[in-house]
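# Per-entry structural report
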Amino acid sequence: MKTKLIAPSLLSADFGNLQKDIEMLNRSQADWFHIDVMDGRFVPNISFGFPVMKTVQQHAKKFVDVHLMIVEPEKYVDEFINHGADLISVHYEACTHLHRTIHHIQSKGAKAGVVLNPSTPVLMLEDIIADVDLVLLMSVNPGFGGQKFIENTYKKIAETKDLILSNNSTALIEVDGGVNLDNASKLFEAGADVLVAGNAVFSAESPERTIELLKI
């Protein structure tokens, strides 16, 4: 069965009233909560850490998808799982011992994903694809919300799908960056399973209706 999951990014939520936005997503047709964690080192921005994760853990009633845009992510994996992460994705470019980190995440009971920046080729995943639960393709350069979608992403989705099938992997394909109502259906058609949407959801007049439309 074709997967069409929407994972709104809390990076675009109202931090003055985060509980309200979390409860809206609980009511909506959103499937996952997407949590973008930035450290100001791997990416040129700082987002949030464990205090915000604690709020998410207290109020979110859906799958929590944590994207670590940080150096040495292996140091923080256990604590993110303790704060309610159901899936943790680490960057290929930031994780020196990727195989070890992926298996450590899974050993703690969470799903594990690997993330590729726009300039990192899909073939770099050949030796890890059978081990991961998810591949997250960045369709913008990570670090800031609201960027323009990179069109080469469609080609990378097809390449990732081929790699998954040729290795009998069950990994899902997630796309993050510049996702909106204009390209969501095309991304699903190309082979994406999960779409991360931040500005497209939270800046909409009706976020709940926008989430419905993204799934069509």
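Residues numbered from 1 in each chain as written. Predicted model: local features only at pLDDT ≥ 70, side-chain atom pairs only at ≥ 80, totals over all residues. Heavy atoms only, no water.

Per an unreviewed UniProt entry, the protein goes by Ribulose-phosphate 3-epimerase and derives from Chryseobacterium gallinarum. In its Function (unreviewed entry) section, the UniProt entry covering the protein states "Catalyzes the reversible epimerization of D-ribulose 5-phosphate to D-xylulose 5-phosphate." What UniProt records for the protein under Sequence similarities (unreviewed entry) is the sentence "Belongs to the ribulose-phosphate 3-epimerase family." (UniProt positions renumbered as here; feature names shortened; annotations may be inferred.)

## So, the pairing of strand β4 (residues 87-91)
Within β4, five of the five residues are buried, which leaves it mostly tucked inside the rest of the structure. Along β4, one buried face is formed by Leu87, Ser89 and His91 and the opposite face, lined by Ile88 and Val90, is buried too. Where strand β3 (residues 63-69) meets β4, four bridges bridge the pair, whose relative direction is parallel. Within β4, the residue paired with valine 66 across the bridge is isoleucine 88. On the question of chirality, the crossover connecting β4 to the parallel strand β5 (residues 111-116) by way of helix α4 (residues 98-107) is right-handed. (Buried < 20%, exposed > 50% of the residue type's maximum accessible area, 1.4 Å probe, protein only. Helix = DSSP H or I, 4+ residues; strand = E, 2+ residues; numbered from the N terminus. Pairing = 2+ DSSP bridges. Right-handed = clockwise from strand over helix to strand, strands pointing away.)

## Details of the UniProt feature "binding site: substrate" (unreviewed entry) in the protein
This chain's UniProt record puts "binding site: substrate" (unreviewed entry) on Ser9, His67, Gly143, Phe144, Gly145, Gly146, Asp176, Gly177 and Gly178. Among the secondary structure elements, glycine 143 is positioned in the loop between β6 (134-138) and α5 (153-166). Using a relative accessible area of 2% as the deciding quantity, one classes glycine 143 as buried. Those residues in contact with glycine 143 that lie beyond four places of it in its chain are Met38, Val43, Pro44, Asn45 and Met69. (Contact = heavy atoms within 4.5 Å.)

## Let's talk about the packing of helix α1 (residues 18-27) against helix α2 (residues 50-59)
The interhelical angle for the contact between α1 and α2, taken along N-to-C directions, is 40°, at an axis separation of 10 Å. On the basis of the axis angle, α1 is oblique to α2. For α1 against α2, the interelement crossing comes out right-handed. Contact with α1, carried on its side by Leu18, Gln19, Ile22 and Asn26, involves Val52, Thr55, Val56 and His59 of α2 and no other residues of that element. In terms of residue class, the contact of α1 with α2 is made up of four nonpolar, four polar and no charged. (Axes fitted to C-alpha atoms, helices over the stretch in contact; angles between N-to-C directions. Parallel < 35°, antiparallel > 145°, perpendicular 65-115°, else oblique. Left-handed = near helix turned anticlockwise from the far one by under 90°. Nonpolar A, V, L, I, M, F, W, Y, C, P; charged D, E, K, R; others polar.)

## Some thoughts on the packing of aromatic side chains
Within this structure, the stated rule accounts for four aromatic pairs. For the ring pair phenylalanine 149 and tyrosine 154, a centre distance of 5.4 Å and an interplane angle of 55° mean the geometry is tilted. Take phenylalanine 149: its relative accessible area is 9%, and that puts it in the buried class. Residue placement shows lysine 186 over the ring face of tyrosine 154; its charged tip is 4.5 Å from the ring centre. (Phe/Tyr/Trp six-rings, centres within 6.5 Å; stacked < 30°, edge-to-face > 60°. Lys NZ or Arg CZ within 6 Å of the ring centre and 35° of its normal.)

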